[in-house]
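What follows is each chain in one-letter form.
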Amino acid sequence: MSETEQATPLEQPSAPEATEATEATAATAIPAPEPAPAPAPAPEATAVPDAPAPAKVRKPRKPRPVLAAVARWTAAVVVCGGLATGTAAAITSADRGDVPGLETEDDGRWAYPKLSLPQLPQGSPRPFTPGNEGEVHHADLRRLVLPAPAGARVDPKRNGAWASIDDYLALYKKGERDDLGQAIDDSALRHVAARSWTMPDGTKSAVYLLRFKSVGFSEAFKDEALDAGSEETVPLEGVGLIDRESIAAHVKVPGTAVYALAEEKPYGPEQTRWAYIQAGDTLALVVQSRKGGVETVPFRQTVILQTQLLG
């Protein structure tokens, strides 16, 4: 119930009740005596002194125009106030990006499309559910590759399609490729899918997903061949000194692990940052490079979104 409905209206006297009271009082009046016969006109009847006088009828007072207007405006203000409160609650509870015309200050994030998990084959479990001991991703691996954000120029050769092992190995320094290739041959690698793009600010991104036969093979390749969680990890092409980054606190996807690294100063014209995402039977590699340095916000955003797709 609104405040307007709870408010008590001004009490006004009831006209029918006043009329009944008047008629009852008038019925108890004593009639005047008959005048004596005389040639002169009869005098007016005089009421007996002890008889009560008829009660005056008090007509209901009409509401004053000013008070009526004030009451109407008060009700309108209360109603409008309630509507405004509801609208404000709806806006503040929604994401700011979902409200048309409501802009937020640019914090450096890229405008990725709305993400959704691909449909699984009938009867296939998700990777981190009971009964899936190998933590296998049964969805199409190409559907798990992060899409490019708005404004990106996508590489047509790597646009979420299958990629070759040589394409993946080309990311690493030449002296490391043979050993990594042999490790891949020994690790029961099943598929490689990739997507790469370039943003208007010059940031180049690449995402590679490697699916192995099971989580055991995936983790062995990550730990033994890549040494992903150490500064001694296999370096990427063109990268000098390497330092680990603390990004795990920003990625909270059960069943996954993230290992982020960055090229330390002094680096050349470009800086490179990359991260390995361990998610069951799949190992993801996210790489970004940019002249002058890779921005932290889009790098973490890209890693987090790719992790969510694999989680």
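**A few points about the overall build of the protein**
No. 1: Check the secondary structure of the protein and you find 7 helices and 7 strands.
No. 2: The secondary structure elements of the protein, listed N-terminal to C-terminal, are α-α-α-β-α-α-β-β-α-β-β-β-β-α.
No. 3: Burial analysis of the protein (311 residues in total) assigns 32% to the buried set.
No. 4: Contacts spanning at least 24 positions in sequence make up 62% of the contacts within the protein whose residues lie at least 6 apart.
No. 5: Total accessible area on the protein stands at roughly 19,600 Å², and carbon and sulfur atoms take up 55% of it.

**A closer look at the nonpolar core**
No. 1: The biggest cluster of nonpolar side chains holds 28 residues, and the ones touching the most others in it are Trp-197, Leu-209 and Val-303.
No. 2: Of all the secondary structure elements, the ones that give two or more residues to this core are β2 (189-198), β3 (204-212), β5 (256-263), β6 (270-279), β7 (282-291) and α7 (296-310).
No. 3: Contact partners of Leu-209, with chain neighbours within four places excluded, come to Leu-141, Leu-144, Val-145, His-191, Val-192, Ala-193, Thr-282, Leu-283, Ala-284, Gln-306 and Leu-310.
No. 4: Core analysis: the second largest hydrophobic core is formed by 26 residues, Val-239, Ile-242, Leu-261 and Trp-274 among them.

**Concerning helix α6 (residues 215-226)**
No. 1: The end-to-end C-alpha distance of α6, which contains 12 residues, comes to 15 Å, matching closely the 16 Å that a straight helix rising 1.5 Å per residue would cover.
No. 2: Taken as a whole, α6 has its buried residues at Val-215, Ser-218, Phe-221, Lys-222 and Leu-226. For α6, the arc enclosing every buried residue in end-on projection is 135 degrees, short of the 170-degree limit, so these residues lie on one face.
No. 3: Buried residues in α6 make contact with α4 (165-169), α5 (174-186), β3, β5, β6 and β7.
No. 4: The first or second residue beyond α6 is Asp-227, which carries a positive phi of 50 degrees.

Reading the values: rules and limits
Residues numbered from 1 in each chain as written. Predicted model: local features only at pLDDT ≥ 70, side-chain atom pairs only at ≥ 80, totals over all residues. Heavy atoms only, no water. Helix = DSSP H or I, 4+ residues; strand = E, 2+ residues; numbered from the N terminus. Buried < 20%, exposed > 50% of the residue type's maximum accessible area, 1.4 Å probe, protein only. Contact = heavy atoms within 4.5 Å. Areas by Shrake-Rupley, 256 points an atom, 1.4 Å probe, with all protein chains shown as cover. Core = buried A, V, L, I, M, F, W, Y, C linked by side-chain atoms within 4.5 Å. Expected span 1.5 Å × (residues − 1). Arc of directions from axis to C-beta.

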